[in-house]
Amino acid sequence: MDAIRVGALLDDSKFDLRLTLVAGKQGLSRRISSSRIQKPGLVLAGFTEYLHKERVQVFGNTEMSYLGTLPRERAVAVLRNFFSQDIACLVVTKGLEVPPEMSAVADEAGVPLLRTTHLSSNFIESVQNCLEDILTAQTSMHGVLLDVFGVGILLLGKSGIGKSEIALDLVMRGHRLVADDIVDVKRRTPDSVVGAGSEIIKHHMEIRGLGIINIKDLFGVASIRERKKIEIVLELVEWDPHVEYDRLGVEEKKFRILDVEIPMLIVPVRPGRNMTTIVEVAARNHLLKLQGHHSAREFQERLNRAIALAPGGRVGELDVE
């Protein structure tokens, strides 16, 4: 979602922002398109260059006290100038009294004027979290998301290849399920995405032959997580003897989700391969890389040095694909 209507913030069953409408009802359809909040400050002194109209504007004790020091005519002029900037809405915090002239100017401009009993700092944190959750880029993917040794691993692969069975085995080994079948993904920062289970089917898993099982009820609350940052994408593919799979792991593949590139592994599946152990080792190897140790590249460097030092050897003689 790229924007939210101001009127939606009044729904306390979803947001608990404790907002009430004071004036400007006709402007409740105005749109908020940024999760960041602005306390206008210098705008009241006439400096409007850095006023961000798409943000929620907040007046706290400082702004309201300043307006109280102005003569009535001057205060009305300042408020008219502020509300004429086509802002999304204004929220007065701390349950402060809203002067009649402020309500009148808000009605005149058609800008929602809201009040909350939250302190400014608490309200800003709460509304910012709500807006980030609503406005962030998101998508849904078919797969299984797990927390393995603290690493978020997204299992991909065609239906029936064994993703849920691998996930169940990992849960029985003490790892944690985040989502099975449908993974809701959101971009939290420019370089990270977070996955969670769909509200309808979270904590549940489909195992062919058993049906739908509830992981939380079967294994306890320690076996599930509500959400997890996706750090590895591991795609399961059917073993093809004619395909040359990566045997060294020197070059890392990337998988793009919501314009974020995530390390990707392609793992062939065939009878006799212990896929659960492979997933665990993938998580351990990722943690090792985060500490600055890339086993495949270190091995290649040692091998190249050994060849270079051998009689007749040359640096770069080894061509590893």
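Residues numbered from 1 in each chain as written. Predicted model: local features only at pLDDT ≥ 70, side-chain atom pairs only at ≥ 80, totals over all residues. Heavy atoms only, no water.

1. Things to note about the UniProt feature "binding site: Mg(2+)" (unreviewed entry) in the protein
Thinking step 1. According to UniProt, the "binding site: Mg(2+)" (unreviewed entry) feature falls on Ser164 and Glu206. In sequence the annotated residues extend across 43 residues, while in space they remain close, none of their C-alpha pairs exceeding 6.9 Å.
Thinking step 2. As for its placement among the helices and strands, Ser164 is situated in helix 6 (residues 163–172).
Thinking step 3. Residue contacts for Ser164: discarding those within four places in its chain leaves Val144, Asp180, Met205, Glu206 and Ile207.
Thinking step 4. Contact partners of Glu206, with chain neighbours within four places excluded, come to Ser164, Asp180, Gly211 and Ile212. (UniProt positions renumbered as here; feature names shortened; annotations may be inferred. Helix = DSSP H or I, 4+ residues; strand = E, 2+ residues; numbered from the N terminus. Contact = heavy atoms within 4.5 Å.)

2. Things to note about unusual backbone geometry
Thinking step 1. Phi angles above zero are rare outside glycine, and Lys94 is one such case at about 65°.
Thinking step 2. Topologically, Lys94 is positioned in the loop between strand 6 (89–92) and helix 4 (100–109).

3. Looking at helix 4
Thinking step 1. Buried within helix 4 are the following residues: Glu101, Met102, Ser103, Val105 and Ala106.
Thinking step 2. Turning to helix 4, the residues buried within the fold contact strand 2 (19–23), strand 5 (56–59), helix 2 (61–69), helix 3 (72–83), strand 6 and strand 7 (113–116).
Thinking step 3. In the segment just after helix 4, Gly110 is the residue with positive phi, at about 70°. (Buried < 20%, exposed > 50% of the residue type's maximum accessible area, 1.4 Å probe, protein only.)

4. Side note on the sheet that holds strand 5
Thinking step 1. Read across the sheet, five strands follow the order 2-7-6-5-4 without closing on themselves; strand pairing throughout is mixed. The open sheet terminates on both sides in strands that have one partner only, identified here as strand 2 and strand 4 (37–38).
Thinking step 2. Here two bridges tie strand 4 to strand 5, and the two strands are oriented parallel to one another. Bridge assignment links Ile37 to a residue of strand 5, and that residue is Val56. (Pairing = 2+ DSSP bridges.)

5. Comments concerning the nonpolar core
Thinking step 1. The biggest cluster of nonpolar side chains holds 26 residues, and the ones touching the most others in it are Leu146, Ile153, Leu155, Met205, Ile215, Leu234 and Val279.
Thinking step 2. Residue assignment for this core shows that the elements contributing at least two residues are strand 8 (138–148), strand 9 (151–156), helix 6, strand 12 (204–207), strand 15 (232–238) and helix 8 (275–290).
Thinking step 3. In terms of residue count, the dominant contributor to this core is helix 6 (five residues).
Thinking step 4. Aside from chain neighbours lying at most four places away, what touches Leu155 is Gly143, Val144, Leu146, Lys163, Ile166, Leu234 and Val279.
Thinking step 5. Counting residues in hydrophobic clusters, the runner-up holds 24 residues, among them Val43, Phe59, Leu70 and Val98. (Core = buried A, V, L, I, M, F, W, Y, C linked by side-chain atoms within 4.5 Å.)

6. Some thoughts on the sheet that holds strand 11 (residues 192–197)
Thinking step 1. With respect to topology, eight strands assemble into an open sheet ordered 14-11-10-8-9-15-17-16, the strand pairing being mixed. Lying at the two open borders of the sheet, with one neighbouring strand each, are strand 14 (227–229) and strand 16 (253–257). Strand-to-strand twist across the sheet, computed as the mean angle between neighbouring axes with direction ignored, equals 45°.
Thinking step 2. Across four bridges, the pairing between strand 9 and strand 15 is parallel. Its bridge partner being in strand 15, Leu156 is matched across the sheet by Glu235. (Axes fitted to C-alpha atoms, helices over the stretch in contact; angles between N-to-C directions.)

7. Details of the UniProt feature "active site" (unreviewed entry) in the protein
Thinking step 1. Those places that UniProt annotates as "active site" (unreviewed entry) correspond, in this numbering, to His142, Lys163, Asp181 and Arg247. Of the residues just listed, which span 106 residues, the most distant C-alpha pair is 29.2 Å apart, and they do not cluster in one region.
Thinking step 2. Its location among the elements puts Lys163 in helix 6.
Thinking step 3. A distance of 3.3 Å separates a polar atom in the side chain of Lys163 from the backbone oxygen of Lys158.
Thinking step 4. Along the chain, Asp181 falls in strand 10 (residues 176–189).
Thinking step 5. Not counting the four nearest positions on each side in its chain, Asp181 is found in contact with Met141, His142, Gly143, Val144 and Ile201.
Thinking step 6. A distance of 3.1 Å separates the side chain of Asp181 from the side chain of His142, its partner in a polar contact. (Polar contact = N/O pair within 3.5 Å; in protein donor to acceptor, adjacent residues only side chain to side chain.)

8. With respect to the pattern of salt bridges
Thinking step 1. Enumeration according to the criterion identifies 13 salt bridges in this entry.
Thinking step 2. Two residues, Glu252 and Lys289, come together in a salt bridge whose shortest N-O distance is 3.0 Å. Here Glu252 is found in the loop between strand 15 and strand 16, whereas its partner Lys289 is found in helix 8, with 37 residues between them in sequence.
Thinking step 3. Exposure remark for Glu252: the relative accessible area of 33% places this residue in the partly exposed category.
Thinking step 4. Put simply, Arg256 and Glu261 hold a salt bridge, and the shortest N to O gap is 3.0 Å.
Thinking step 5. Looking at Glu261, the relative accessible area reads 47%, which means it is partly exposed.
Thinking step 6. Several salt bridges share partner residues, and in doing so they unite Asp133, Lys186 and Arg188 into one network. (Salt bridge = Lys/Arg side-chain N within 4 Å of Asp/Glu carboxyl O.)

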